[in-house]
Each structure stands twice: as structure tokens, then as C-alpha cells.
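Read off the chains here:
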Amino acid sequence: DKKVVAIVAGVPTNIGFTKERRIEAGNQFIDVGIAEEQAVALASGLAKGGMKPVFATHSSFMQRTYDQLSQDLCINNNPATILVNTASIYGMNDITHLGLYDISFISNIPNMVYLAPTSKDEYLSMLEYSISQDSHPIAIRIPCNGVIKDNRTVDTDYSDLNKYKVEKQGSKIAILALGDFYQLGESVTDEIKNKLNIEPTLINPRFITGTDNELLESLKKNHDIVITLEDGILDGGFGEKIARFYGDSNMLVKNYGIKKAFYDRYDVNELLKANRLTKEQIVFDITKLLNK
């Protein structure tokens, strides 16, 4: 597809563009150097002109582009694809390269559609969809959890915005496990079944930028507790959108994510434990909620 243009900002191998692949891509590959702002503005202009630009860089570098994401890309609603890499607790862990803050600053820009794939197959499907569509700017969180491949079926069309996917239907407890934390949601689901003899509902939200009001409303019928899991800072994040939805109801909502702070050279397992993000800690908390 000659309309597809890959754009990077000084880190081409971040999405696999080795020297050989750069040569093969020819003028369908553009490296703007360490100028991420220029990359987003360029992607917006190319999309406006009918091209299919894909800009990729690390989450911490994407922070530099907030103005261009908002003013150049989203105000004009140009259908560029933005790939956000190492946006995760599992990404780079030095204080200047943390990828934990993207959910709050990208997902709250109007017109942006921010997708959170949970596996290799879902990521590739979302990428294919984003490049083919011409309705919205779409950002995708590149999986950073080992790029897991599993046997779940994935959709190929994400044009029905903010529609979450129920992966396992249950009752009493619903777990909304976003992106890289979907596998944590699976382990929490199994732990609840084993320890509490309850079959929870496990939901893959997929969309960071909005709430599936119909699904969330339906959970009120036979659920008492909603748990959100997100691989990023809690403040301004995905879980708070869910908590706000249930604010005037009797639903108990517990948000799990990472406390707002600057971290440096952290150990992943220690940081998970410090934020009560192990399956044992989460199930302990759920047991307390059930006994209230």
C-alpha cells in the first residue's frame, strides 16, 4: 500500500525498522530525528492529504507532542495512527523514560480514540483497522507484557467506539482488565473462583477513551463490585472514568493502578506489590469488600 508512511523520531528500531527495512521501505519511511512534535504534525498533514501515516515512538517521548496531538491532529480529526511503545510498568524504568503517564494525557483529548490491546493478535488487528479507517485519529498502546499470543478470538472492526468485550461471563464481581493488565485480570479471576467460589465477569475494555455505558449499566443487575486494572498512573486514568459512572449508584468500585510518582530503576515485582497489584492482594481486598 503506497499510501502507508511509517514515521519515527530518531528511534527506528523501536518498531523494527532496521537498516535493511528502512532501505526496503524507501520514501515510505521518514525519520524526523529527535523531533516528535514535527512527527505528529507531519502525520496529521499526511492524513489530511489522503495518506495513511503511522507514527511510533516511546511513551515518554510522546509527552513532548501533547500540543500537536491536540491542536494539529485531534482538532482536525485527521485519521493518523499513533503507536505508543513501552507504555507500561514493564517498559523502561529510569526516571526520565517512564511510560506510565500516557493514559491520562492521551485519552482525554477530544476526537482521539486510544486503544489498549491485550495480546499480539489483538494489537495487529487494531493496527490493521486503524490504518484502513478514515474517521478518527487512533492511538494504540503497543503491548509490553511479553507480547502474549493466546487462543482468544479478536475482532477486526473497532468502528463501534467504546464497546467493551466480555471475555468471561459471571456475576457478583466484574473485572475490567485494561491492556497489559488483562493477564493479571485472568489470574485474579481464577484466584477468586478458587478462593471465594465466585465466577467473576472478566471484561477486556479495549477502548481507553470512553465508557461502554450500556454494558456498565447492565452490570448493576447482578454485580456488586467492579474492579478496574490499568497499567499506568491512577490519577486521571481509566479507572476513574468507571468510578465516575457508578458514582450515584450502590456499586462498589475499586481502582487498581500505580500511585502518581516519579520512579527510578524500580523492580517490576516490587512496584506491583507496593501498589497492591498481585492477585493475592487484590483477592484479599475483594474479600474485605464482600464482608462489608
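Residues numbered from 1 in each chain as written. Predicted model: local features only at pLDDT ≥ 70, side-chain atom pairs only at ≥ 80, totals over all residues. Heavy atoms only, no water.

Teacher, can you tell me more about the pattern of salt bridges here?
Summed over all chains, the structure comprises 18 salt bridges. Ionic pairing is found between arginine 64 and glutamate 36, a salt bridge with its closest N-O pair at 2.8 Å. One end of the pair, arginine 64, is in the loop between helix H3 (59–62) and helix H4 (66–74); the other, glutamate 36, is in helix H2 (residues 36–48), with 28 residues separating them in the sequence. What makes arginine 64 partly exposed here is its relative accessible area of 38%. Exposure remark for glutamate 36: the relative accessible area of 1% places this residue in the buried category. A salt bridge links arginine 152 to aspartate 150, with the shortest nitrogen-to-oxygen separation between them at 3.0 Å. Overlapping salt bridges, with partners in common, bring together Asp150, Arg152 and Glu167 in one network. (Salt bridge = Lys/Arg side-chain N within 4 Å of Asp/Glu carboxyl O. Helix = DSSP H or I, 4+ residues; strand = E, 2+ residues; numbered from the N terminus. Buried < 20%, exposed > 50% of the residue type's maximum accessible area, 1.4 Å probe, protein only.)

What exactly am I supposed to notice about the sheet that holds strand E2 (residues 29–31) here?
Sheets are built from strands that pair by backbone hydrogen bonding, the pairs being arranged parallel or antiparallel. One open sheet holds the 6 strands; their spatial order is E2-E1-E3-E4-E6-E5, and the pairing between them is parallel. A single partner strand is all that each edge strand has here, and the edge strands are E2 and strand E5 (113–115). Here the strands of the sheet are splayed against their neighbours by 20° on average, with no regard to which way each runs. By the bridge criterion, 4 bridges tie strand E4 (residues 81–85) to strand E6 (residues 138–141) in an arrangement that is parallel. Bridging from a neighbouring strand, threonine 81 pairs with isoleucine 138 of E6. (Pairing = 2+ DSSP bridges. Axes fitted to C-alpha atoms, helices over the stretch in contact; angles between N-to-C directions.)

Please explain the packing of H2 against H4 as it appears in this structure.
How two helices pack is summed up by the angle between their axes together with the distance between the axes. As a packed pair, H2 and H4 sit with axes 9 Å apart at the nearest point and diverge in direction by 15°. Classed by the angle they form, the pair H2 and H4 counts as roughly parallel. In terms of crossing hand, the pair formed by H2 and H4 is right-handed. For the pair H2 and H4, contact is made by Glu37, Val40, Ala41 and Ser44 and by Gln68, Leu69, Asp72 and Leu73, respectively. Among the residues forming the contact of H2 with H4, the class breakdown is 4 nonpolar, 2 polar and 2 charged. (Parallel < 35°, antiparallel > 145°, perpendicular 65-115°, else oblique. Left-handed = near helix turned anticlockwise from the far one by under 90°. Contact = heavy atoms within 4.5 Å. Nonpolar A, V, L, I, M, F, W, Y, C, P; charged D, E, K, R; others polar.)

When you look at the nonpolar core in this model, what are you seeing that I'm missing?
Proteins that are soluble and globular tend to have nonpolar side chains buried together. Ranked by internal contacts, the top residues of the largest apolar core, which has 38 residues, are Leu69 and Ile106. If you list the elements that add at least two residues to this core, you get strand E1 (4–8), H2, H4, E4, helix H5 (102–106), strand E8 (172–177), helix H8 (213–219) and helix H9 (238–245). Tallying contributions element by element places H2 first for this core, with 4 residues. When residues no more than four places from it in sequence are discounted, the contact partners of isoleucine 106 are Met62, Leu69, Val84, Met112, Tyr114 and Ala139. Of all hydrophobic cores here, the second largest spans 29 residues; its members include Ile89, Tyr182, Ile192 and Tyr263. (Core = buried A, V, L, I, M, F, W, Y, C linked by side-chain atoms within 4.5 Å.)

Would you explain helix H11 (residues 279–290) in this entry?
Given 3.6 residues per turn, any residue in an α-helix points the same way as the ones three and four places further on. Taking 1.5 Å as the rise per residue, H11 with 12 residues should run 16 Å; its terminal C-alpha atoms sit 16 Å apart, in good agreement. Buried within H11 we find Gln281, Ile282, Val283, Asp285, Ile286 and Leu289. Where H11 is buried, its residues contact E8, helix H7 (182–196), strand E10 (223–233), strand E11 (252–258) and helix H10 (268–274). (Expected span 1.5 Å × (residues − 1).)

Teacher, can you tell me more about H7 here?
With 15 residues, H7 should cover 21 Å at 1.5 Å per step; its first-to-last C-alpha distance of 20 Å lies within 8% of that length. Inspection of H7 places Tyr182, Gln183, Leu184, Gly185, Val188, Thr189, Glu191 and Ile192 among the buried residues, and these make up the whole buried set. On the buried face of H7, the contacting elements are strand E7 (165–168), E8, strand E9 (201–204), E10 and H11. Immediately beyond the C-terminal end of H7, within one or two residues, lies asparagine 197, with a positive phi of roughly 55°.

Where do I start with the packing of aromatic side chains in this structure?
Remark: the centre distance and the inter-plane angle together describe each pair of aromatic rings, the angle taken between the planes. Considering all chains together, one arrives at 8 aromatic pairs under this definition. A centroid spacing of 4.9 Å and a plane angle of 35° characterise the contact between phenylalanine 17 and phenylalanine 29, whose relative ring orientation is tilted. Of this pair, phenylalanine 17 sits in the loop between E1 and helix H1 (19–25) while phenylalanine 29 sits in strand E2, and the two are 12 residues apart along the sequence. Taken as a pair, phenylalanine 17 and phenylalanine 29 share a single burial class, namely buried. (Phe/Tyr/Trp six-rings, centres within 6.5 Å; stacked < 30°, edge-to-face > 60°.)

Looking at this structure, I do not really get the pairing of E11. What am I missing?
Direction of pairing for E10 relative to E11: parallel, over a ladder of 6 bridges. Following the sheet pairing, isoleucine 233 is matched in E11 by isoleucine 258. Crossover E10 to E11 through H9 is right-handed. (Right-handed = clockwise from strand over helix to strand, strands pointing away.)

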